[in-house]
Each structure stands twice: as structure tokens, then as C-alpha cells.
Amino acid sequence: MMLALEMYRSPAKYLAAKAVGGRIPGILTGPAAPLRLVTINEPKPDREGWARIRPILSGICGSDLGMVTGSTKLYFSAMVSMPFVPGHEIVGELLDDCEDLPKGTRVVMDSVLTCAARGVEPCQGCASGNTNQCDRITVGHVAPGLQTGFCQDTGGGWGNVMIAHRSQLYAVPETLTNERAVLVEPLACAVHTALRSKVEPGQSVLVSGAGAVGLFATLALRELTQAGRITVVAKHAKQRELARAFGASDVVAPDEVFRGVRRSTGAFRLKPEMAKEFLLGGVDIAVDAVGSKDSIDTVLRVTKAGGRVVLSGMPSTGADLSPVWFRELELAGTYASAREEPNGQPAFETALELAAKSPLDGVVGARYPLYRWREAIDHAHSAGRLGTVKVAFDVRAS
């Protein structure tokens, strides 16, 4: 038996969180939270290539918050199996030998449950190395789940024990601390975002949002591309400080975006009647790292004709797509990370390199045991305002 936080199906709580969660944040970790601390059976690695992992630290991701707060789209409901233990940003210790990885090895995990993990013939995405585009995430000998942490069979990082397939695992160098290692998964996503942005030398980039997604995207863009000016949209003082440390050329507040981009690119500003302003001209590439209607509207309206807009945050509804049509923008999504990236290596290998050399000390700003999960979720929900980038569960303390 083990202790774990379990996400369970509750349409009533989902609707309550969706209806009033934005106005009464406390309800999201109170009566409307479809999350409970339970004692359940450990998942068993009953097939070849699988092993148990004892999580050490497990991060709280924006997608985790979306699931708790009811903001995740019902689009994803066919790709999960409930109840499940959340947590896909982990550093943990192997409790079993796993092929070439001996028991006791510290590991990080690519959470996507691909064909290899499911024991089926590789789909086109997996065969080409684009494992984040796997078409088999609901079949095979594993219950439906687009990732570990959204699958009933595997467990997740918000529990004392989970299981993973060898294809998901990367050994952590001895010199890398747990606080840095737990950031490897979101860093790998940022690596994928930066490379999928297809930045040409000298091009201007806007990153809208300076939470973990935006900050790590900024870091990856600066380290892995030859971008020219990188402008980051940041609300809070600590976010502005880290954006500059991670490679931003300029940092602007949300209400300064149009003015800042117009000034740096020489664009023309237009103000329609009873509608939001936009630019003729603007940045070459924009990365939305928030997913809100306002953020998506902004990046679409400050990107030059023929430019590229990359959606890195999980999108909400209601964005005006007029600029995509009128400016012939190229719109790209970016989800998780791939085993074969354009730089010739898995995103996780690049992320491990970034985790070792980048200024990440203090990025994990708070750690909580599982039994303090309400405080942890509250903190993560207000992380930017509180000067925190990443909140994590210290599973060993539970």
C-alpha cells in the first residue's frame, strides 16, 4: 500500500470549479477539488521493460492545475483513465533493475506513453522519432492516458510509488541536484518549443508569459537558436528578473506589449473601433506561453505578416483568429517533447545539459509533503504573484 493524491471523476465538482473557481480561488482546493489523499495499492511492473520508481520531487505543472481547477478542456477526457495519480515532472529512484539501468539509479521521465510503453507496433509518429505525436495513447496493455500522471495504471509523481517503461527514462548525472533534475521535464518541453519555433539567425521573438513555460522557453530560445531580440511579457518583479537572467533582451509588462514591440520593430499601430489594437509589422516569431484568450489575442496581433505563432501554453477559447487569416500567419502547436528533435538528439538529453549549466538555483521555490496538498496547489496557483516559478511535492517527506 502507498500514500497518493488521487484525481477522481466528479462532474459536479468539475462544473463548480469551472463556474466559480476564478472568482473564489480557495474553492479550488476546498469543496470543489476532485482530488483526495488516499492509501491505495502500489502499481505493479508486471511486463518486461517496466520498473517501479520512488519519486523524490514531483513538480506541479500548469496542466495539473488546469485539471484541478476545471479549466482543462473536455477534449482530453477520452485520453485519460480515472481515477489516476497526477504528477509527470519527476525525479525519482529506481526500485527495480530496468534493463540497463540498475536499481537505485536516479531518473527523470519523459511522460508520454508511446507505442513502446504500450507494447504495440510503432505508429508513424513514434517510428519517425516524433514520440509526442503518438496515435496509440489509448490502446495496448496500458490503460488510456496521454501521459504518465493521467493514466490509471502507471501511478504518478504525486504518490509514493509509480511505474515507468525503460523508453521513458533518462539517468540523472550524480552532479545534478534533485532541485535541478525535477526541472528537466519542463525544460525538455521548452527545448521542443524553441526548436519548433524555427528561428532564423537574427529574427525577433516575443514570448508572452513568464511562468515556468515562458521562462524556460526564453532560456531554450537563447541557448539553442540564433534569435536576435527576445522580448518577454512578464507581470511580476521576480519573473522580470529571471527573464533577463535567462536571455531576454527586453522585458515588458502586459499593458506595454504593443508599445514595446512597435518601438523595437518600427511597426505601425492601428486601433479599430470597439476592438483591440494591432500592429502592421511586428516580431518575426511569437510564442504564447500562457494559453489565455488575452495572451493569444496579443501574440496574433503583434506578429508581422507571414510570421510564425507558436502555442506553447494550453489554449483557452475565444481568441480572435482574424490576424491569422489577414496576415497569413503560420500557427503551430507545441506539445511535450520528442525523442528526435531537429538538433539531432532527444529533447531530454538537451534538457539535462541545460539543467546542469543554467542559472536555475532557487527556481524550485517551495516544496510540500503530500499531506499539505491544499497549500501546495494554492501556492502553485498564485506562484507568479508570490515570486515562485516552480512548486513541487517532496514525496519523501510524506
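Keep in mind that what you see is a predicted model, and the values were worked out from it rather than measured.

A. A look at the UniProt feature "domain: Alcohol dehydrogenase-like N-terminal" (unreviewed entry) in the protein. Under the UniProt annotation, the feature "domain: Alcohol dehydrogenase-like N-terminal" (unreviewed entry) is placed at residues 48-174. Helix makes up 13% of residues 48-174 and strand 20%, whereas the separation of the span's terminal C-alpha atoms amounts to 27 Å.

B. Molecular detail of the environment of Leu146. By secondary structure assignment, the location of Leu146 is in the loop between helix 4 (124-127) and strand 6 (162-165). Separated by 68 residues in sequence, Leu146 and Ala78 place their C-alpha atoms 9.4 Å apart. Excluding residues within four positions of it along the chain, Leu146 makes contact with Phe76, Met79, Val80, Ser111, Val112, Leu113, Ile137 and Tyr335.

C. Representation of the sheet that holds strand 13 (residues 283-288) within the structure. Spatially, 6 strands are ordered 10-9-8-13-14-15 in an open sheet, and the strand pairing comes out parallel. One side of each edge strand has no neighbouring strand; the edge strands of this open sheet are strand 10 (250-252) and strand 15 (330-333). Each strand axis lies, on average, 20 degrees off the axis of its neighbour in the sheet, ignoring direction. Sheet analysis places strand 8 (residues 205-208) next to strand 13, joined by 4 bridges and oriented parallel. Its bridge partner being in strand 13, Ser208 is matched across the sheet by Asp288. Lying over the sheet, helix 10 (residues 293-301) contacts strand 8, strand 13, strand 14 (303-311) and strand 15, oriented at roughly 150 degrees with respect to strand 14.

D. Representation of the pattern of salt bridges. Enumeration over the complete set of coordinates arrives at 17 salt bridges. The residue Glu42 makes a salt bridge to Arg52 at a minimum N-O spacing of 3.9 Å. With Glu42 in the loop between strand 2 (35-40) and strand 3 (50-59) and Arg52 in strand 3, this pair connects stretches of sequence that are 10 residues apart. Linking Lys357 and Glu223 is a salt bridge whose minimum nitrogen-to-oxygen distance equals 3.5 Å. With Lys357 in helix 12 (residues 347-357) and Glu223 in helix 7 (residues 212-224), this pair connects stretches of sequence that are 134 residues apart. Via salt bridges that share partners, Glu42, Arg52 and Asp96 belong to a single interconnected network.

E. Expanded view of the packing of helix 6 (residues 184-196) against helix 7. The geometry of helix 6 relative to helix 7 is characterised by a closest axis approach of 8 Å and an angle of 55 degrees between their N-to-C directions. Overall, the two elements helix 6 and helix 7 adopt an arrangement that is oblique. Here helix 6 runs over helix 7; the crossing is right-handed. Contact residues: Pro186, Leu187, Ala190, Val191, Thr193, Ala194 and Leu195 in helix 6; Phe216, Ala217, Leu219, Ala220, Leu221 and Leu224 in helix 7.

F. Structural detail: the environment of Lys44. Topologically, Lys44 is positioned in the loop between strand 2 and strand 3. Residue class for Lys44 comes out exposed when judged on its relative accessible area of 55%. Spatially, the C-alpha atoms of Lys44 and Ser128 are 30 Å apart, while their sequence positions differ by 84 residues.

G. Quick look at the side chain of Ser295. Within the secondary structure, Ser295 sits in helix 10. Overall, Ser295 belongs to the buried group, its relative accessible area being 6%. Beyond its immediate sequence surroundings of up to four residues, Ser295 is in contact with Ser208, Asp288 and Val290.

H. Structural detail: the pairing of strand 3. Extensive coverage of strand 3 is indicated by the burial of 8 of its 10 residues. Note: strand 3 against strand 6, 4 bridges, orientation antiparallel. Looking at strand 6, one finds that Ile53 is bridged to Met162. By the bridge criterion, 5 bridges tie strand 3 to strand 4 (residues 90-94) in an arrangement that is antiparallel. The residue of strand 4 that forms the bridge with Arg54 is Glu93. In this sheet, strand 17 (residues 390-394) lies alongside strand 3 in antiparallel orientation, the contact comprising 3 bridges. Looking across to strand 17, one finds that Ser58 is bridged to Phe393.

I. Local environment of the UniProt feature "domain: Alcohol dehydrogenase-like C-terminal" (unreviewed entry) in the protein. Within the UniProt annotation, "domain: Alcohol dehydrogenase-like C-terminal" (unreviewed entry) is assigned to residues 212-354. With 37% helix and 22% strand, residues 212-354 has its two end C-alpha atoms placed 14 Å apart.

J. Spatial organisation of the packing of helix 2 (residues 62-69) against helix 13 (residues 373-381). For the pair helix 2 and helix 13, the least separation of the axes is 11 Å and the interaxial angle reads 115 degrees. Classified by the angle between their axes, helix 2 and helix 13 sit roughly perpendicular to one another. Both helix 2 and helix 13 take part in a crossing whose hand is left-handed. Here Leu65, Val68 and Thr69 of helix 2 come into contact with helix 13, specifically with Ile377, Ala380 and His381. Considering only residue class, the contact of helix 2 with helix 13 consists of 4 nonpolar, 2 polar and no charged.

K. Seen up close, the domain arrangement of the protein. Domains assigned within the protein are domain 1 (2-172 + 362-397) and domain 2 (189-333). Taken residue by residue, the interface counts 11 residues in domain 1 and 13 residues in domain 2. The contact between domain 1 and domain 2 buries some 850 Å² in all, and 76% of this surface belongs to carbon and sulfur atoms. Counting across the interface, domain 1 meets domain 2 through 0 salt bridges. A breakdown of the residues in the side of domain 1 that touches domain 2 according to their chemical character gives 3 nonpolar, 5 polar and 3 charged.

L. Broad picture of helix 7. If you check helix 7, its first and last C-alpha atoms are 18 Å apart, about what 13 residues at 1.5 Å a residue would give, namely 18 Å. Burial in helix 7 covers these residues: Ala212, Gly214, Leu215, Phe216, Ala217, Thr218, Leu219, Ala220 and Leu221. Buried positions along helix 7 lie against helix 6, strand 8, strand 9 (230-233), helix 8 (237-245), strand 13 and strand 17.

About the criteria used
Residues numbered from 1 in each chain as written. Predicted model: local features only at pLDDT ≥ 70, side-chain atom pairs only at ≥ 80, totals over all residues. Heavy atoms only, no water. UniProt positions renumbered as here; feature names shortened; annotations may be inferred. Helix = DSSP H or I, 4+ residues; strand = E, 2+ residues; numbered from the N terminus. Contact = heavy atoms within 4.5 Å. Pairing = 2+ DSSP bridges. Axes fitted to C-alpha atoms, helices over the stretch in contact; angles between N-to-C directions. Salt bridge = Lys/Arg side-chain N within 4 Å of Asp/Glu carboxyl O. Parallel < 35°, antiparallel > 145°, perpendicular 65-115°, else oblique. Left-handed = near helix turned anticlockwise from the far one by under 90°. Buried < 20%, exposed > 50% of the residue type's maximum accessible area, 1.4 Å probe, protein only. Nonpolar A, V, L, I, M, F, W, Y, C, P; charged D, E, K, R; others polar. Domains from an automatic or database assignment. Buried area = accessible area lost by both parts, 1.4 Å probe. Expected span 1.5 Å × (residues − 1).

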